[in-house]
Amino acid sequence: MSSHSQIPENALPETTEADEKERNDSVNAAVEWVNESLNTMLRDLKPTDQCKVDKMLGECFTKKVEEKKEIQKQEEKEEEKATPALTSCTPSATTLPGKKKAERPGKKVAIAERTIPPAEPVESVLCGSLAIGGTSLAVAKAGATISRIPLYLHIALLKCNQDSPKEITLPLPMVTLLNCEKFSPAKLKLVKEVMLIPPVQLSVKQGIERVLDIQKEMIRLLEPPGKAPSPQLADSKKGKARNTGKKAPPQASKRISHLGCLITGCDNLEQPLLLMQTACNNIGLELGADMYLAINCAAHELMDYAKGKYEILTGTFKSPDEMVDMYVELINKFPFIIALIDPLRKEDREQWNNICCALGSKCYLIAEDAATYISKLKIDQNINIPTCSGVVLKYINQTKVSDLIELTGLLDGQRHITILGSPDGESSDDSLVDLAVGLGARFIKLGGLSRGERVTKYNRLLAIEEELAKNRTLREANLEFITFAEESPPEKQLSDALPPPKRDSWPPPLAQPALQVRSLPAQLPGNSTLT
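Residues numbered from 1 in each chain as written. Predicted model: local features only at pLDDT ≥ 70, side-chain atom pairs only at ≥ 80, totals over all residues. Heavy atoms only, no water.

Some points on unusual backbone geometry
- For Asp342, which is not glycine, the phi dihedral falls at a positive 50°.
- Relative to the helices and strands, Asp342 resides in the loop between β12 (337–341) and α8 (349–359).
- Even without being a glycine, Asn397 presents a positive backbone phi close to 50°.
- By the secondary structure assignment, Asn397 is in the loop between β16 (390–393) and α9 (401–413).
- Residue Asn397 is classed as buried on the basis of its relative accessible area of 4%. (Helix = DSSP H or I, 4+ residues; strand = E, 2+ residues; numbered from the N terminus. Buried < 20%, exposed > 50% of the residue type's maximum accessible area, 1.4 Å probe, protein only.)

Focus on the state of the cysteines
- Using the criterion set out here, one finds zero disulfides in the structure.
- Here Cys180 stays free of any disulfide, with the sulfur of Cys266 as its closest cysteine sulfur at 4.5 Å.
- Lacking any disulfide linkage, Cys388 is separated from the closest cysteine sulfur, that of Cys356, by 6.3 Å. (Disulfide = S-S within 2.5 Å.)

Examining the nonpolar core
- Leu190, Met276 and Ile337 are the most contacted members of the largest nonpolar core, which has 98 residues in total.
- Not counting residues within four places of it along the chain, the set of residues in contact with Met276 comprises Leu177, Leu178, Val194, Leu196, Ile214, Met218, Leu287 and Leu293. (Core = buried A, V, L, I, M, F, W, Y, C linked by side-chain atoms within 4.5 Å. Contact = heavy atoms within 4.5 Å.)

A look at the environment of Cys51
- Structurally, Cys51 can be placed in helix α2 (residues 50–82).
- In this structure the C-alpha to C-alpha distance between Cys51 and Lys400, which are 349 residues apart in sequence, comes to 9.7 Å.

Structural notes on the pattern of salt bridges
- Considering all chains together, one arrives at 14 salt bridges under this definition.
- We note a salt bridge from Lys141 to Asp429, for which the minimum N-O separation is 2.8 Å. Residue Lys141 is located in helix α3 (residues 130–147), and its partner Asp429 is located in the loop between β17 (417–421) and α10 (431–439); the two are separated by 288 residues in the primary sequence.
- A relative accessible area of 32% means that Lys141 is categorised as partly exposed.
- Two residues, Lys205 and Glu209, come together in a salt bridge whose shortest N-O distance is 2.8 Å. (Salt bridge = Lys/Arg side-chain N within 4 Å of Asp/Glu carboxyl O.)

Re the packing of aromatic side chains
- Counted according to the given criterion, the structure contains three aromatic pairs.
- Measuring from ring centre to ring centre gives 5.6 Å for Tyr364 and Phe443, while their planes differ by 80°; the resulting arrangement is edge-to-face. Here Phe443 lies in strand β18 (residues 443–447) and Tyr364 lies in strand β13 (residues 364–367), a separation of 79 residues in the sequence.
- Feature note: the residues Tyr364, Phe443 and Phe481 constitute an aromatic cluster, connected by ring pairs. (Phe/Tyr/Trp six-rings, centres within 6.5 Å; stacked < 30°, edge-to-face > 60°.)

Side note on the packing of helix α4 (residues 151–159) against α9
- Viewed as axis vectors pointing N to C, α4 and α9 meet at an angle of 60°, and their least axial separation amounts to 10 Å. Relative to α9, the element α4 lies oblique. In terms of crossing hand, the pair formed by α4 and α9 is right-handed. Facing Ile155, Leu158 and Lys159 of α4, the residues of α9 in contact are Val401, Ile405, Thr408, Gly409 and Asp412.
- Its residues assigned to classes, the contact of α4 with α9 comprises four nonpolar, two polar and two charged. (Axes fitted to C-alpha atoms, helices over the stretch in contact; angles between N-to-C directions. Parallel < 35°, antiparallel > 145°, perpendicular 65-115°, else oblique. Left-handed = near helix turned anticlockwise from the far one by under 90°. Nonpolar A, V, L, I, M, F, W, Y, C, P; charged D, E, K, R; others polar.)

The following block contains the structure:
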């Protein structure tokens, strides 16, 4: 099972050690759960009865949570007896900057104070909860083995109530190419990941080959001065990228991100986009036709609650409303960006609604942080998320296979797209790919094309594509945008908004064995010039 931890690239050693200790404790507790209560509870059950097993796992988890609460109550009572109760006042919401102790006589206040919604409390993770998700997935694998079918088909049958699908559509990969540092000396804080999305006309194999070509050129562009000439930023029909001569291309550090991609630092929002545009143009590709971009903004990490604004650049702050205006301008200038992940905090629901009305017909607005804890998503057959195009679901902790099946069914019914995401604390198990295929996810977000725990999953996706193509059950993906501003909007085909590649540039159908990504290094050698 994957870990829920999200440790920054430049985390202090003590932070990393504390996270590692927490994970080890969780794994040890999970092993105890499996060897004791779960082993006894699930004995003699059929692995093919996923629903019944998951129901029992859910009841077991609820019991464990209640036991933990009782222990905490007892500890709190003992602490109250030992020390006097201390009272503290905490504000219910954060006020925007501008409040003063006393206004000078004759001075008028132009704008009334506004409050921003406070951050929702972080859901605590019960130590050992990995056992619930791990056991549920193990049962699904056992059920697939007994039925003598691949795991992705077993999941698809569970979702479709045992009706075998005639064709299966593979999720499009969101391949992370750049991880932008958020620390000095780089000024840009807003962009966490820049991802590539191949067009639907390409097979997964062809799309990954194209991404590898772009990555190779990106490595060349990011080489330190003196080792390789810095190319001019090429003109583009849409982005109008030009080398103004003001700043050199950003340099990357001599390492690979834990996300399996290149690390670099930038000074403004356009810099990584122009760099990506240059890399594509240099190898004869055009963004918006031969490849598309997605940006993981991770805006929830940038809120300055004292100011009530997002710090998008060092010393540059924007209110939630100003963030919406900035994104509208960005997408209009760079129309090859077809997805923004976490452009706002989940608490800024009014601004989520505004940005979806403004950009939903030409760009996916995706919530990832809002969907971190699956237990909070479903409320009475409704999805508890801001207005958005879709969500990134992660299989972590007490999440069960049945939870994902139920949630994706609700998302499908509400015309939301589903993205299966790989957590930061990833393992080498490739079952996430089978889950994404079987659940009918629109995208799969696995990180970059490096590090064994991520490369394994890309190879599994390639193997499934080869198997489906051989069985003639592979269906081409069909992307659609939603116009949120209308009450009953017809879904707009992506091909209407994004021009397809030229017919003569389309590669031939998949006929050769699937591309293996295992040649990529798990980490760069020490003498590598890549940063």
